[in-house]
Amino acid sequence: MKKTLVILFAATLGLAACNNFKKGPGGLMYQIHKTEGKDKIVEGDIIKINAIQKTEKDSVTSSTYDIQQPAVFPVSKKQWAGDISDALMLLAEGDSATFKIDLDSMAKYSNQPKPATQKDKYMIFTVKIEKVMHKAAGEADSTFQKKATEFFQADFKATVAKHKAAEAGKIKNFIEDKKLKVQTTASGLQYVIDAPGDAQRATPTDTLMVNYTGKLLTKKSDGKENIFDTSVEKVAKENGKFTPMAQYGPRPFTLGRAIPGFDEGLKLIGKGGKITLIIPSALGYGEGGMPQGGITPFSPLCFEVEITDIKKATGAPVAAAPTMSAPATR
């Protein structure tokens, strides 16, 4: 009986939250969580924003909190009533809100058909406006752009410095939390060989067939592992990274074509081998990161790697490693 009452209470809260959404133009639904009462965002403003994007089933598809890097961009002219620009213009610096963007309206006005696999009616964003740069009345575009660029460059440098200072702690905490008994190479790569595989080791002319899962060392805001790429279909589906067009399964690599830490790790095991790699940023994507892959500057990485086969060259050119969605390639 008690469990039934708890479920009923939770359902009532969910219904109340739904009823708190207001209707906007173009099918937009919105709920303002907090407002500072400052001047609203207008077209052309440059904003710094933290945002979580979810499906209607509450599955997180992207989050700036997970990569610890807010987004900075100019607010563009709205393309249709109820689009994301229209939604953002309801807010000001310091405000937070949840928006439901109507996907049918998006498809209609953007002239891009809604994917056949997309069953949701809404794309859901929960946002916090961290900073707004307004263009002053009569201010020249060049002056405004210079002012905004200088501010956000300084802000980005401060964020990068925080990432750099936190890197060693992230590595230490990850190893301790996982209770890993790591070995360390001269380069700083830390690793655990889960299975050494056979005695054969790859040479630069070999093609290695590799299964891998790459993750950040900090967990996502929902407590799950922060996986950014994988060749394993089951892992992709379980972590919201599945792409129907991707070809899952072992992928071809050649030595010298991956980030240094990944490349070094491949040399430590043979066919059938499995290894866990803890890669410091100096052996990964360094101070530049890999923004399109969700890897921020000075991000240490973990890769779980399995070599399923080592194919010797037969005189034909060796296949290059493929481009990955959030890659281990340089």
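Residues numbered from 1 in each chain as written. Predicted model: local features only at pLDDT ≥ 70, side-chain atom pairs only at ≥ 80, totals over all residues. Heavy atoms only, no water.

An unreviewed UniProt entry annotates the protein chain as peptidylprolyl isomerase of Pedobacter westerhofensis. We quote the UniProt Catalytic activity (unreviewed entry) comment for the protein chain here in full: "[protein]-peptidylproline (omega=180) = [protein]-peptidylproline (omega=0)". The UniProt entry for the protein chain carries this comment under Sequence similarities (unreviewed entry): "Belongs to the FKBP-type PPIase family." (UniProt positions renumbered as here; feature names shortened; annotations may be inferred.)

Caption draft 1: Region of the structure containing empty space enclosed by the protein. Counted according to the given criterion, the structure contains one cavity of 30 Å³ or more. Here the largest cavity defines a volume of roughly 80 Å³. Contributing to the lining of the largest cavity are D66, I67, Q68, K170, L216, L217, T218, T296, S299 and P300. Taken together, the residues that form the lining of the largest cavity break down as four nonpolar, four polar and two charged. In this structure, the lining of the largest cavity is formed jointly by two domains, domain 1 (22–134) and domain 2 (166–311), each of which donates at least three residues. (1 Å grid on protein atoms, 1.4 Å probe; cavity = no way out; pocket = protein on both sides within 12 Å on 5 of 7 lines; lining within 4 Å. Points joined across faces, edges and corners; volume = space filled by probe spheres on them. Nonpolar A, V, L, I, M, F, W, Y, C, P; charged D, E, K, R; others polar. Domains from an automatic or database assignment.)

Caption draft 2: Inspection of the nonpolar core at higher detail. Counting 27 residues, the largest nonpolar core has V210, F262, L266, F303 and V305 as the members making the most contacts within it. Counting only elements with at least two residues in this core, the list comes to β10 (207–216), α7 (260–266), β13 (274–279) and β14 (301–311). Residues L91, F99, L103 and M123 belong to the second largest nonpolar core, which totals 19 residues. (Core = buried A, V, L, I, M, F, W, Y, C linked by side-chain atoms within 4.5 Å. Buried < 20%, exposed > 50% of the residue type's maximum accessible area, 1.4 Å probe, protein only. Helix = DSSP H or I, 4+ residues; strand = E, 2+ residues; numbered from the N terminus.)

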